[in-house]
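# What the coordinates show
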Amino acid sequence: MQSPDPLPNTKRLLSEEPGSSGLTKRAKHEPDHSEAEETQGQPEALDPVQVGEEGHAPESSGEKRPGKRDAAGWPKSRKGKEKEGKHAGRRRGTQEGPKALRLPKRMTALLLGFCGTGCNGMQMCDNVRTIEGVLFDALVRAGAVSRDNADDPTKVNLGRAARTDAGVHAAGNVVSMKLIVHIPGIKDWVARINEELPPEIRVWGKASTLPGFNARLSCDSRKYTYFFPSYLLIPPKPTSAFARAQQAGAAPDSSSSDTPRHPFWESPGADTSSTEEDFARKRHWRASPADIDRLRATVKKFEGTHNFHNFTVGRDFTDRANQRSMIKIQVAEPAVYGDMEWISVLFHGQSFMLHQRKMMSALVLTCRTGTPSEIIDELYGPRMVLVPKMPALGLLLEYPIFDSYNRRVATINEREKYDASHADFRPAIDFEQYRETIDAFKQKFIYTDMRAAEDRYGIFDAWVRYVDGYEGDDLLYLNPRGIIPGAAVIKRNERRRAKPFKEIRRFDSTNVKDLKDTQPLEEEVESDEESLSKPALEDMEG
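Residues numbered from 1 in each chain as written. Predicted model: local features only at pLDDT ≥ 70, side-chain atom pairs only at ≥ 80, totals over all residues. Heavy atoms only, no water.

## Regarding the overall build of the chain
- A tally of regular secondary structure across the chain gives 13 helices and twelve strands.
- The burial tally for the chain puts 46% of its 542 residues in the buried class.
- Taking contacts inside the chain between residues at least 6 apart in sequence as the whole, the part at least 24 apart equals 73%.
- Put simply, the chain shows about 29200 Å² of open surface, and 49% of that area lies on carbon and sulfur atoms. (Helix = DSSP H or I, 4+ residues; strand = E, 2+ residues; numbered from the N terminus. Buried < 20%, exposed > 50% of the residue type's maximum accessible area, 1.4 Å probe, protein only. Contact = heavy atoms within 4.5 Å. Areas by Shrake-Rupley, 256 points an atom, 1.4 Å probe, with all protein chains shown as cover.)

## Notes on the pattern of salt bridges
- The tally for this structure, following the rule as stated, stands at 27 salt bridges.
- Residue Lys 282 is joined to Asp 461 by a salt bridge in which the shortest nitrogen-to-oxygen separation is 2.7 Å. Placement of the pair is Lys 282 in helix α5 (residues 275-282) and Asp 461 in helix α11 (residues 459-468), with a sequence separation of 179 residues. Neither Lys 282 nor Asp 461 differs from the other in exposure class; each is buried.
- Here Arg 294 makes a salt bridge to Asp 291, at a shortest N to O gap of 3.3 Å. Of this pair, Arg 294 and Asp 291 both sit in helix α6 (residues 289-299), three residues apart, roughly one helical turn.
- A relative accessible area of 37% places Arg 294 in the partly exposed class.
- By relative accessible area, Asp 291 is classed as buried at 12%.
- Through salt bridges with shared partners, a single ionic network connects Glu 398, Glu 432, Arg 435, Asp 439 and Lys 442. (Salt bridge = Lys/Arg side-chain N within 4 Å of Asp/Glu carboxyl O.)

## Some words on α6
- When α6 is considered as a whole, its buried residues turn out to be Asp 291, Ile 292, Leu 295, Thr 298 and Val 299. All buried residues of α6 lie within an arc of 130° about the axis, which places them on one face of the element.
- Here the buried face of α6 lies against β7 (221-229), β9 (323-331), β11 (340-349), α7 (356-368) and α8 (374-379). (Arc of directions from axis to C-beta.)

## Digging into the packing of α5 against α11
- Interaxial distance between α5 and α11 falls to 11 Å at its minimum, and their mutual angle equals 120°. Classed by the angle they form, the pair α5 and α11 counts as oblique. The interaxial crossing formed by α5 with α11 has right-handed handedness. The segment α5 lies against α11, with Thr 275, Phe 279 and Lys 282 engaging Asp 461, Val 464 and Arg 465.
- Its residues placed into classes, the contact of α5 with α11 shows two nonpolar, one polar and three charged. (Axes fitted to C-alpha atoms, helices over the stretch in contact; angles between N-to-C directions. Parallel < 35°, antiparallel > 145°, perpendicular 65-115°, else oblique. Left-handed = near helix turned anticlockwise from the far one by under 90°. Nonpolar A, V, L, I, M, F, W, Y, C, P; charged D, E, K, R; others polar.)

## Some details on the nonpolar core
- Counting 127 residues, the largest nonpolar core has Leu 139, Phe 228, Phe 302 and Tyr 477 as its most contacted members.
- In contact with Phe 228, not counting residues within four places along its chain, are Leu 233, Leu 295, Glu 341, Trp 342, Ile 343, Val 345, Met 360, Val 364, Met 390 and Phe 460. (Core = buried A, V, L, I, M, F, W, Y, C linked by side-chain atoms within 4.5 Å.)

## So, the packing of α7 against α11
- Running from N to C, α7 and α11 point in directions that differ by 65°, and their axes come no closer than 13 Å. In the crossing of α7 with α11, the sense of the turn from one axis to the other is right-handed. Of the residues in α11, those in contact with Ser 361, Leu 365 and Arg 368 of α7 are Trp 463, Val 464, Val 467 and Asp 468.
- Its residues placed into classes, the contact of α7 with α11 shows four nonpolar, one polar and two charged.

## Details of the environment of Ile 438
- By secondary structure assignment, the location of Ile 438 is in helix α10 (residues 435-457).
- Taking the C-alpha atoms as reference points, Ile 438 and Gly 113, separated by 325 residues in sequence, lie 7.7 Å from one another.
- Those residues within four positions of Ile 438 in sequence are excluded, and the remaining contacts are Ala 171, Trp 204 and Phe 431.

## Considering unusual backbone geometry
- Phi is positive for Asn 157, which is not a glycine, with a value near 60°.
- Within the element layout of this structure, Asn 157 appears in the loop between α2 (131-142) and β4 (159-160).
- Even without glycine at this site, Lys 417 takes up a positive phi of about 60°.
- Mapped onto the elements, Lys 417 comes out in the loop between α9 (403-416) and α10.
- Judged by its relative accessible area of 72%, Lys 417 is exposed.

## Notes on the environment of Pro 485
- The topology assignment puts Pro 485 in the loop between α11 and α12 (512-515).
- In this structure, Pro 485 is in contact with Leu 476, Tyr 477 and Asn 479, ignoring residues within four places of it in sequence.

## Structural notes on the packing of aromatic side chains
- Applying the stated rule across the entire model yields 17 aromatic pairs.
- Ring centres of Trp 204 and Phe 441 lie 5.3 Å apart, and the angle between their planes is 80°; this geometry places the pair in the edge-to-face category. Here the residue Trp 204 occupies a position in strand β6 (residues 201-208), and Phe 441 occupies one in helix α10, the gap between them amounting to 237 residues. Here Trp 204 and Phe 441 have matching classes, each one buried.
- With centroids separated by 5.4 Å and ring planes inclined at 70°, the aromatic side chains of Phe 308 and Tyr 380 adopt a geometry described as edge-to-face. With Phe 308 in the loop between β8 (304-307) and β9 and Tyr 380 in the loop between α8 and β12 (395-401), this residue pair connects regions lying 72 residues apart in the sequence.
- Using a relative accessible area of 2% as the deciding quantity, one classes Phe 308 as buried.
- Aromatic ring contacts, followed pair by pair, group Phe 302, Phe 308, Phe 311 and Tyr 380 into a single cluster.
- Across from the ring centre of Trp 189, 5.5 Å away, lies the NZ or CZ of Lys 206, which sits over that ring.
- If you follow Arg 281 out to its NZ or CZ, it ends over the ring of Phe 264, 4.0 Å from the centre. (Phe/Tyr/Trp six-rings, centres within 6.5 Å; stacked < 30°, edge-to-face > 60°. Lys NZ or Arg CZ within 6 Å of the ring centre and 35° of its normal.)

Given below as structure tokens:
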């Protein structure tokens, strides 16, 4: 016997969903009255009938139901969501006015370079100027990022191959995101983006990628170069606090007379010369072939896979993330610019910890103090010591490398017989095709800026004088025996002994405002990197 209609005198607005167990209710199509809510003077539209606990529609009272509702008219929960303010009634990221035309987007790799001076690092951050922030705003203005996505970079899956610290430069880096690659009326896409960018940030090219491309995870390795004046290889001034501390921590049967003075400190009046007089002579000093040979022999100790816990911050010896592989490290022949000689060291590694600058410091300090290169092997061991950071001014990201990804897309292009004109063709991510343009950019915006900063402010000289002014125990592992004495070992969760070595922020910056600070180094603010959380540390590594 057929059951009677439960509401014989009420208009039925619900129907059963075919093929479902129980009564799954859905609203039948009703005329759209949404315009009535936005147009004054129009009669108010009735809300769809709500469903009660038994699946019945209550009788309409003729009054408007309060609360939010979805597109079908059902009550919409606002629990846990932000209150709507002046933008109520429209999607986040949209603007008033007619809706923009939706254009197709593709996951794209942007190959770019930049001078990091004046930016607070690579990664986008609220209320500060960053490389990604400037780039993203330019993409929005040029039309490569739609108006709907302009408020939130996560909507376009923004990512980067390598994250750089504040002030660090990059001749090449890759940023990946979903972009509109065919902008109406624009023939030269890259030129249009560069029109919206400042001259110290350039897009070299773009490459359409496979849909799941992630710039950081797809990157096989990265290359960094560190530049420094060769005078950093001059040993500490014999009258400096560091030289005295080294002598006090030397073997009992040794004396200062056992080590001959370096020729630089044999000149008349060198013991009593001023900082300015020393720096004027340092500018004209040249490294010998033996100095370069010593650098090259020591830097080989970094190649291979090692535990780099002493070359970062906030990581224990047992942390598996300390295992990093350096593929190749090269020391170039010195080159003279103006009246100063510079040396460059190229690091090619699978990934780098925070900081490569500690690796450079260990290299330079080992060579200038006559410490055997075996001390680098000791630093991979479980004992924790303090390795200072070299100034950020000398660090340059050359470019990330995508060999595995490039082989994969080449295989697909060959198998499917895609040529460069095909819509699904995926080109290799390769910076070498822009080599001439990149080299010109490096000379104009990076090397010139770097050398001018040293000429004017002597930042490297300030750093080495700061190290030589330290008279505590933290650097006693820099000794002719090549061993780490117990006095230099730092024990975690124990209070540091007297006179700990302190990193200061001036050497973390490349901004002119910070570099020209005339405040005494010993009075400057300490670097706060020791307080980084593990997630923050992982995000800063690449």
